Amino acid sequence: MAYTLEGSTGTWEIVCGLEVHAQVISHSKLFSGASAEYGGEPNAHVSFVDAAFPGMLPVINRECVAQAVRTGLGLDAKINLWSRFDRKNYFYADLPQGYQISQFAHPIVGEGVVEVTLADGSTKEIGVTRLHLEQDAGKSLHDQDPTKSFIDLNRSGVALMEIVSEPDIRSPEEAGAYLTKLRQILRYLGTCDGNMDEGSMRADVNVSVRKAGEEFRTRCEIKNVNSIRFVMLAVEAEAKRQIMVWEDGGEVTQETRLFDPTRNETRSMRSKEDAHDYRYFPDPDLLPLILDQDWVNGLKALLPELPDAKTARFVADYGLNAYDARILVMEQATADFYETLARGRDAKLAANWMMGDFFAALNRTGRSIENSPVSAANLGALIDLIADNTINGRIAKEVFEAMVETGDAPGAIVEAKGLRQVTDTGAIDTAVDAVLAANADKVAQFKGGAEKLFGFFVGQVMKAMAGKGNPALVNEALKRKLS
Amino acid sequence: MFEYTLATARDALRARKISARELTTAYSGAISALNPEINAYITETPELALAQADAADAALAKGEHGALTGIPLAIKDLFCTKGVRTTAGSKILSPFIPPYESTVTANLLRDGAVFLGKANLDEFAMGSSNMTSAYGAVTNPWTRHGDNRPLVPGGSSGGSAAAVAARMALGATATDTGGSIRQPAAFCGIVGIKPTYGRCSRWGVVAFASSLDQAGPVARTVEDCAILLGSMAGFDPKDSTSADMPVPDFAAACKRGVKGLRIGVPREYRMEGMAPEIEALWQQGLAWLRDAGATIVDVSLPHTKYGLATYYIVAPAEASSNLARYDGVRYGARSAGHDLTELYENTRADGFGAEVKRRIMIGTYVLSAGYYDAYYLKAQKVRALILKDFTDVFRDVDALLTPATPTAAFGQGEKMDDPVTMYLNDVFTVPVNMAGLPGLALPTGLDATGLPLGLQVIGRPFDEETVFAVSAALERAAGFTALPTHRAGA
Amino acid sequence: MSLDPAAVRRIARLARLRVDDAQVTQIQGELNAILGWIDQLNEVDVTGVEPLTGGALMAMRMREDVVTDGAQAEAVLSNAPERDGPFYTVPKVVE
């Protein structure tokens, strides 16, 4: 069912396209040998090239090119073996050259596609128009001094991939799903870490609205939205704003806006008075970028298994349902953890343990899979102890909590705490006899027909055995002695 | 002391007939005496030079000698020299002290050269007269017979050429974007070569028009230029447009002679209104080459006349972008402004001269929305046609001989009313930049007023050797020994 | 192509060059003279011609992904007309 918004004059559709700027993972910058690492003392990751000193020249970083190609391959996109860099000319405090080296006419990657799965389980393909490489700008700090802005060029020249989607997105949910999937693919490929809060991935959101069956109306661009949640809110807020403009008899004017999350609305950007004339022309300090098909093939051969393929394999090989598989595949590290866990074990049991107690423990302790207090090996060992009846399910939970706290192996914890399941029928019989003897009145009631009391007896026996009784054997002994 | 050419000074130094200190002291003295009048230098560095000379003497004493050990040079103030002020002839860089050395000057230092100072130039290398420098005009050491009105040395490398001609340096570095080595060399009666695009590194050279700029030497003789170019040239991984080609022995090529070579004479270089003396000199040059064993061939370069218009679209366009970095924020002069836009507008209006501003505006316009196709894109297509003209012709000939300039040096203040008049000076040199080819200018005669006139030899890409061979043959035949009035050791 | 005063001002603004009212007419004249002269390119037929950029060079050389530069904040700031500690400073920008 298509997403629509109701206005006073009828039903409206949203049309949305996203331009994502993703910082490339690399050691040095796109056109200079300075470090591309996040942070650092101000202006410490800056070469004379980045600071645009007189006579400085750009030389391209092969790894940044490779990362762009890998990303293109991960988006099932056309790799353009011939592409070119252009200068985008404008003046700003964080742009030392007075131009940004980008790709305008001939990007390195052409058309591709991202498949998203929505909450109702349906899938949709969102088209990717192109991907190109460009330089990131530096940072201006406007809050350090009352009359001055401070400039730090550390980020100036870091490689960015600009990934442009087709205007195929029709709802805030689709926008969120697209960004989530794109981020996932980039993280799987290792080409961008997708940390929107650190600014290594940012989205410009293009939104317009229309009535069903219409051509596209004027769109507005909301710049630099830095979380997936804000993107979804911004899409909705802007769509509603535009609907109001149209329904009031006005016209939406094409402009650049910013999203204000505290007010949940967009506002016009003051500094962008009129449209920039970027005077694009081919950068004369650079030659065309020509890639060897063999080199591209080599990169393709070494790509990791991507989320969609991994999800399908988990469903096929581990018998998981698609929903569970998608959760386990969300992050590469999670998927790897699962596969280590599930190897040689009951795949569904492994999945349940991960998605239940294990994820809960990570949340509670604020940890991630990468620094998990419980290793896959140890969690697997715990599952093995249940499978071979060394411990029962209830005790396992106790052991797991201890594992989270100490990081110790389950076997050691079971021994240390004496938590081995009791399977000695003699001991069980003794415990059962004692409980029945102590509760003669309830025994009589049970025999008189109060079947629910069976659970009471089980509980009492377990309590007497400090939980360590083998539940199946306890049940069997009780049944025997109560009949 | 001033009789030595670079080549013979080198021999004398190696033979310990003279010391580097003596040579440098003599030249520093020449600068003190002559620079107030000629203004070839913006920044003089006599102490630095002496220290370098002493180091050279120490090396020579040990029997170590690089290609240029102890040779005193002027460095066009477009090359960033570490720790030494570099202005590009502009107010906007008057306080700029580069924390790095350009690759070309680093190569010269590696080979033992001594730097006497930074040579004057048209602001940001934009000009053909050295009248646009923020540090004053340069006066040509030559004057007309019986007329001591100051003449221009040509530009933009006017300071470099004047310094060499007046014996204020034994050689100099220069750059050429539309003729800025060849035209001042011709006006000052010395030799200058613009090598193939990509032969010398542009790293550390203040950029004017990136697809056209090339560094090259000016010196007294063809051989001197060959020696200098041998040091200046070479692949630089820091410059993406640097050619990964080995540097041949240019000096050896000077001895080759021209037997069996085919020399093209492009008919379109015979321009309306050209002075008859230039035509005569050109014919004389062809005769000398014929006598030396070359075959002369008439050729056609049909798009020659469009070279200038193409140049004055492409070069300003690239310059408008290359000069955007001069904004008063990270280096150079800054003017006050209440906000960022005012800061930029005031800094640039105050810091740039009129010619630079004109070219930035032309460049901005031809790249702007709606005009890119009609101007810039079209110019780059015409440029392709100009290159094709040369490529076609070079299937049949090995080099071309043309005049270097349409006139001899003109008076300071002339041709200033209309920018276009000044631009026409580059008519013979510009097509060579558009095609990226090597071109050399050498003096072969004097005009009626006693001013030097030069011819230009153009070669195939990366075939500077043939250019040197042809030029050296012409130099031998011409026997040009005239010297300017204002010079050291006169 | 001929420029009017508004076009001159627009170009000057794009290029961040302050142009005083008194200068506009002269600049307009000079630029128009140059542009008129450049217009001779209209004569040339460029059908089917690919635009050229730099000389005789081939494909772009790529460099290894190693940190070889930076860690020189003082040198980078050494020529700053205005600075505050490790930062360049400019009049405050309001976004």
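With 18 residues, helix 2 (residues 172-189) of chain A extends 26 Å between its outermost C-alpha atoms, agreeing within 8% with the 26 Å of an ideal straight helix rising 1.5 Å per residue. Looking one or two residues beyond helix 2 of chain A, the residue adopting positive phi is Gly190 of chain A, at roughly 75°.

Residue and element names in this part refer to chain B. The sheet built from 11 strands is open, its strands ordered 1-3-2-4-6-5-10-11-9-7-8 with mixed pairing. Either end of the sheet is taken by a strand with one partner, and the two such strands are strand 1 (41-44) and strand 8 (295-299). Along the sheet, successive strands turn relative to each other by an average axial angle of 30°, direction set aside. The pairing of strand 4 (residues 171-176) with strand 6 (residues 214-219) spans six bridges and is antiparallel. Bridge assignment links Ala172 to a residue of strand 6, and that residue is Val218. Those strands touched by helix 5 (residues 158-165) are strand 1, strand 2 (72-76), strand 3 (114-119), strand 4 and strand 6, and its axis lies near 155° from that of strand 4. On top of the sheet, helix 7 (residues 222-232) reaches strand 2, strand 4, strand 5 (191-194), strand 6 and strand 10 (439-446); it is set at about 145° to strand 6, its chief contact.

Residues and elements named next belong to chain A. The antiparallel open sheet is built from three strands, whose spatial order is 5-4-15. The strands lining the two open edges of the sheet, one partner per strand, are strand 5 (99-102) and strand 15 (281-282). The pairing of strand 4 (residues 86-89) with strand 15 spans two bridges and is classified as antiparallel. The residue of strand 15 that forms the bridge with Arg87 is Phe281.

To continue, consider unusual backbone geometry. Looking along the chain, the bond that leaves Gly155 of chain B and enters Ser156 of chain B is cis, with omega of 5°. Assignment of secondary structure puts Ser156 of chain B in the loop between strand 3 and helix 5. Phi is positive for Arg279 of chain A, close to 45°, though the residue is something other than glycine. Mapped onto the secondary structure, Arg279 of chain A falls in the loop between strand 14 (265-268) and strand 15. The phi torsion at Phe124 of chain B lies on the positive side, around 50°, for a residue other than glycine. Looking at where Phe124 of chain B falls in the secondary structure, it is placed in the loop between strand 3 and helix 5. On the basis of relative accessible area, Phe124 of chain B is assigned to the buried category, the value being 1%.

So, about the side chain of Thr24 of chain B. Relative to the helices and strands, Thr24 of chain B resides in helix 2 (residues 20-38). When sequence neighbours within four positions are dropped, the list of residues in contact with Thr24 of chain B reads Ala49, Leu50, Ala53, Pro72, Val114 and Leu116 of chain B.

This brings us to the pattern of salt bridges. Residue and element names in this part refer to chain B. Throughout the structure, instances matching the rule amount to 60 salt bridges over all chains. Taking the shortest distance from any N to any O, the salt bridge between Asp57 and Arg16 comes out at 3.7 Å. In this pair, Asp57 sits in helix 3 (residues 46-61) while Arg16 sits in the loop between helix 1 (6-14) and helix 2, placing the two residues 41 residues apart along the sequence. According to the relative accessible area criterion, Arg16 is partly exposed, its value standing at 37%.

Let us now look at the packing of helix 5 (residues 307-318) of chain A against helix 6 (residues 322-329) of chain A. Residue and element names in this part refer to chain A. Where helix 5 contacts helix 6, the two axes come as close as 9 Å, and the packing angle between them is 130°. Viewed along their axes, helix 5 and helix 6 adopt a mutual orientation that is oblique. Seen from above, helix 5 lies across helix 6 with right-handed handedness. Of the residues in helix 6, those in contact with Pro307, Lys310, Thr311, Phe314 and Val315 of helix 5 are Ala322, Ala325, Arg326, Leu328 and Val329. The class makeup of the residues in the contact of helix 5 with helix 6 is seven nonpolar, one polar and two charged.

Thresholds, definitions, all that
- Residues numbered from 1 in each chain as written.
- Chains lettered and ligands numbered in written order.
- Predicted model: local features only at pLDDT ≥ 70, side-chain atom pairs only at ≥ 80, totals over all residues.
- Heavy atoms only, no water.
- Helix = DSSP H or I, 4+ residues; strand = E, 2+ residues; numbered from the N terminus.
- Expected span 1.5 Å × (residues − 1).
- Pairing = 2+ DSSP bridges.
- Axes fitted to C-alpha atoms, helices over the stretch in contact; angles between N-to-C directions.
- Contact = heavy atoms within 4.5 Å.
- Buried < 20%, exposed > 50% of the residue type's maximum accessible area, 1.4 Å probe, protein only.
- Salt bridge = Lys/Arg side-chain N within 4 Å of Asp/Glu carboxyl O.
- Parallel < 35°, antiparallel > 145°, perpendicular 65-115°, else oblique.
- Left-handed = near helix turned anticlockwise from the far one by under 90°.
- Nonpolar A, V, L, I, M, F, W, Y, C, P; charged D, E, K, R; others polar.

Taken by themselves, the reported measurements are silent on function.
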